[in-house]
Structures are given as C-alpha cells and as structure tokens.
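# Tertiary structure, described
Single-letter residue listing:
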Amino acid sequence: MSCVQTFQDYAFRSLGYGERLLPRSDFTLCEQFTLIGSGLVWNIYFGALALFFGFFLATAVAVARNSGAWVVRKPAEWFIFVFRGSPLFIQFFLAYQAFVLLPRNGIELNLIFTHITAETGWLTRAWAGALVVLFLNTAAYSGEIFYGALRSVPKGDIEAADAYGMAGWTRFRRIVWPTMLRLAWPAYTNEAIFLFHATTLVYFSGFPAWQQKGDALYYANYFADKTFNPFIPYPIVAFYFILVTLAIIGLFGLINRRLNRHMPSENRPRLRIRPQVIR
Amino acid sequence: MFASCADPSTLEGLNWLACYLTSGKHMAFYQSFLVVLALLAITAPAALLFGFGGAMAARSRIWPLRMVGRAYTAMVRGIPDIVFFLFVPVAMDQGFEWLRHKVKCPDWTDPVRQGSDFVVCPAAKLPLSTSPQWAHETYGFALAVLAFAVVFGAFAANVLYGAMRAVPRAQIETAEAYGMTPRQSFWRVLVPQMWIYALPGLSNLWMILIKATPLLFLLGVQDIVYWARELGGSKTSIFAYPHPDWRLYYFLGLLIFYLMLTRVSEAVLSRLTARLSHGQATLAGEAQRKAAQ
C-alpha cells in the first residue's frame, strides 16, 4: 500500500472518516506518521477552544479576585485554588464520574411556562466533557496570571485615565485591560504551550476513546503497545508537538508585538519560554 | 479489622461503614497513599541530582557535553511530559534487558526484535521470571521513579542553570583573584550561593511534582488512582460489601488529599523561603531586617 493510499485512508481517521479498522500488523512509518498526525487534530481542537473560552473566564476571574467585595473575591480565590492545587488528571476522572452520574435521559427543567429537557449524554463524551475540564483548568491558571498582571498595572496609568474623566467600564476596557494583557502575555504564552501539552492526558483519564477516535498520544500508545517498540511512535508525537509549540510561540509572538507596539523598542519585553509544566 | 465485621451482610448504618472502610482492600488503598509519598520522597532528591548533572553539563567547556546538557534541558519545553512517562519506562526496561542479554548470552544468535516482539534470553529478563511478586512490583516502581527523575531532572536542570548564572559575576572573579581553580571556585563559591536563587523555581517544581504523582497510574503502579477506581466501581451482591458506583466520592477524596498536600507544601515552602532569606542582601531579607527593628 503506497503512502498516498495510507494518507487517504487514515488522514482523518480520528474524526471518523476513512478506513474503519486501524492497521494491525506490518506497521509502516507512513502509517504511524499519518495516524498520529490525524490524532493531533483533537489536541489542537481541545487546546484552541479551551484557550479561547478560558481567556474570557480568566479575565472575569482575575477581576473578581481583585475585587474589594468579599462575596465576589472568595469564590474566585477558591476556584483558582481548587483547579491549580489539584492534578488535572484527578480533575478529569472526577469530572467524568460526575458527568456519568447525571441522569441518562436528560434533566427535566420545569419552568413556569414551558418544559425543557436538557440533554446530558454528550457531556460524557470526550469532545465536550474533557473540553469543559480543560476550559475551567486553563481559566484558573490564566486567571492567576492575569490577576498578577492586574496588580502590577502602573498606578500612573490609572491616574491618567481618571484625569481624562474615564471611569468604570470605559477605563477598564481602554486602559486596564490592554495593560494587563501586555504584562501577562509572556506568562500566558507559557500557559498556552502547556495547555496544549495537557490535552494529551484526555484519553488516558477516564474519557473513553469512542470507536478508536483518539488524540495523537492515543495512537502513539496504540502503536507502541502493538509493536512493543517505543522508539518510533513517541518520537513522532514529540516531533508533532515541537511543531505545535513553535507555531504557538510564533502566533503569540505576533500578538505580543501588537500589544507592545506603542512602547519604546528597548523596553519591549521579549517572550521568554520557560517550562512551567504539568498541572 | 473489628471482630463485629465477621459477617458483613448483617451490618447496618455506621457499623457497616466502619467495617467497609477497614476492609483489607481499603487498607491497601491507604497504603497506596504511602506509595505516593514514597515516590515524592525518592524522586525529589533524585531529580535534583539529575538536574544538577544536567546544569553542570550545560555549563561545561567541552562542546559535546555542553550540547548534551543543553538538549536535555531543552527537550521538556516542546514535548508533553506524559510522552516521557510513557516512553522512558519501556525504553529503559528494554535497554537494561538488551545490555544484560549482550553480557549474559553472548552466543544467542536470534535477533532481539522479531516482528512485534522483544525477545531476550531467559537469563537476561528483568526481573527474572522466577523471582517473587514483590520483585516485579519493586522493579515497576523503580522504573517509574527513574522516569520521574529523568523528566523532573530536566526541569530542575533549567532552574539550577538559571540559578548558577544568577550568582553575581563579581563573586567568581573574587574567587579567581584568590587563585582558586575553576573547580574550586565552582564548588566553594558558586554552589553554596546559588540555592537562594534556585529556591523559587525549585518550590514551583515541587508543586508540579506533587501534581504529577497520579500519573503513576499510567505506569502500571497500583497507586491511589488505581485503588480509587477499583474500590469505587459498583459492587454487586456477590461482593461482601455491595454498593453502587461510588467512584465520584473516591475521586473527591483524592482531590481533597491533593489540595491538602498543596496547602501544606505552600506553608512549609513559605517558611523555608523566610528562613533562607534571613540575613540575605535581597528585598525579602531587607524587609525582615526592617521589621525586626
């Protein structure tokens, strides 16, 4: 079987298209590269969506944590503590068990004027359930980063905004928030990289891979188990993830440039990629 | 455990719960918490040792050694750690068996890799197929510790490399002015001074290490995750203590265990930082001096 044929069969296997059966014997390098690459789609899906939605919740959490009101600050602090203080692996297991316990045929919401049946079955599937966990997890980690940045917004900036008569939402949107993002960006880039790394945990932690549609590491593990040779599939995953990491650094670097474009060039913070690993 | 637990089917309420929570399997579950703590206690110094070696290699004046050190510290940045946790134990296991195979069975002619099998001569198996169960378990645990040490050693190497560069250059120059050799100035001046710079990074690493311990489960060690799944799953009436699916509560217990572990570590580390900052020419040390006045 030629490599083109393999590519057609397995390039979108992780999404359920193409050949149904995974290769069983005589594994070629081409098959391993194609299948593991096809699994990478899921890593990018989990990482990108969790990062996107998490960004907004993280901003809200950071602002809440900075609030003077006790009722707002305490929940934010607890949210951050619970999700940053416990392993993501345990969070996945816990969430999966909780989702499984939800009633199978949906929750009947009895509103006064109408009945709504909330479907819950989809939450036990990895594409939704794991995404929820990753979303909350990254919101907590980035919330802490944003909170730190929020605390270090220069006092002079706020005073200048006051002098211009800005207050409340306008001041936040035009002065505080952009400065907060600018200060937090290098740390947030690290968070993005390690969120993508964390997506490899999904199929090893309770969430079953339905019809063998898994992520990159799921397929790599499949090959390693079948061939009993870890020296080929795992370096392939490593190769793909190095590519993803470089892409993130490039993309976030562009945003960093834009956030800092008003600064004198020698003051611009450079992106420094430092390992701040596992959750 | 208790004498009244002899016949579980007659028990009710709190009595049932007391007997249930002290059954033999639960005792194994409680012991697995010790396994996690043992892993932490063994891995932390081992990773520090690996990290120290890595940082020294990355600073070496010999080019190949420096490249090895740099590659070791750089590899963890782009690659998910869980890949290492899956890769290192199997790779190490096969590496050890292959070496023993070469030494113990030199006249073995068959290739080691036969299709999808990895075949070494019986004398080279690790542990030997005749050895008792505990030897197999210990070997599995040792491989897991090695995997953790390799991965966290790379992180620690990053931290220590940075800390070594943070020691003021003037200190080394002074050492050189006193006529110390590079080796002497490294061990007598640089190493004693670098720890205060390394402490924030190392304490961060400790928190990360705590949160990585449930990955033991992936390495096949019977750790707390294994037992929580095992015990929590629904038990039909053929079991002594039938109950529905309680895995949620078991995992909630694990979550609380980890939250407590993080909380305690935070408190200990902040005390340690305060202790080490005492009398240092840093902002924290200065603040302590002002407060004492």
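Shown above is the structure to which this text applies.
This structure is a prediction, so every number in the text was calculated from the model and none was measured.

A tally of helices and strands in chain A yields nine helices and two strands. Starting at the N terminus and walking to the C terminus, you meet the elements of chain A as α-α-α-α-β-β-α-α-α-α-α. Across chain A, every contact between residues at least 6 apart in sequence was considered, and the portion connecting residues at least 24 apart equals 73%.

Residues and elements named next belong to chain B. Across all of its chains, the model carries 43 aromatic pairs over all chains by this definition. Plain terms: the ring middles of F29 and F33 are 5.2 Å apart, the flat faces sit at 65° to each other, and that makes the pair edge-to-face. Residue F29 and its partner F33 are both found in helix α2 (residues 24-59); the two are separated by four residues, about one turn of the helix. The same class applies to F29 as to F33, namely buried. Both rings, one in F29 and one in Y250, keep their centres 5.8 Å apart while their planes meet at 70°; by these two values the pair is edge-to-face. In this pair, F29 is assigned in helix α2 and Y250 in helix α9 (residues 247-277), connecting sequence segments 221 residues apart. Owing to a relative accessible area of 7%, F29 belongs among the buried residues under this scheme. The buried category is assigned to Y250, whose relative accessible area is 10%.

Residue and element names in this part refer to chain A. As a packed pair, helix α1 (residues 3-10) and helix α2 (residues 29-65) sit with axes 9 Å apart at the nearest point and diverge in direction by 25°. For the element pair α1 / α2, the angle class is roughly parallel. Helix-helix and strand crossings are classified by hand; for α1 and α2 the assignment is right-handed. For the pair α1 and α2, the contacting residues are C3, T6, F7 and Y10 in the first and C30, E31, T34, L35 and S38 in the second.

Moving on, we get to the interface of chain A and chain B. Taken together, the 41 residues of chain A in the interface contact 41 residues of chain B. Carbon and sulfur atoms supply 76% of the area buried between chain A and chain B, which totals about 3,900 Å² over both sides. Summed over the shared surface of chain A and chain B, the number is four residue pairs in polar contact (both at pLDDT 80 or more). At the level of secondary structure, the elements contributing two or more residues to the side of chain A that touches chain B comprise α3 (70-85), α4 (88-101), α7 (168-198), α8 (216-227) and α9 (233-259) of chain A.

Grouped together as the largest cluster of nonpolar side chains are 143 residues, with contacts concentrated most on F146 of chain A together with F152 of chain B. Examining the composition of this core, we find that 16 residues originate from one element, helix α5 (residues 133-166) of chain B, more than from any other. Formed by eight residues, the second largest nonpolar core is a distinct cluster that contains V61, A76, F79 and F83 of chain A.

About the criteria used
Residues numbered from 1 in each chain as written. Chains lettered and ligands numbered in written order. Predicted model: local features only at pLDDT ≥ 70, side-chain atom pairs only at ≥ 80, totals over all residues. Heavy atoms only, no water. Helix = DSSP H or I, 4+ residues; strand = E, 2+ residues; numbered from the N terminus. Contact = heavy atoms within 4.5 Å. Phe/Tyr/Trp six-rings, centres within 6.5 Å; stacked < 30°, edge-to-face > 60°. Buried < 20%, exposed > 50% of the residue type's maximum accessible area, 1.4 Å probe, protein only. Axes fitted to C-alpha atoms, helices over the stretch in contact; angles between N-to-C directions. Parallel < 35°, antiparallel > 145°, perpendicular 65-115°, else oblique. Left-handed = near helix turned anticlockwise from the far one by under 90°. Buried area = accessible area lost by both parts, 1.4 Å probe. Polar contact = N/O pair within 3.5 Å; in protein donor to acceptor, adjacent residues only side chain to side chain. Core = buried A, V, L, I, M, F, W, Y, C linked by side-chain atoms within 4.5 Å.

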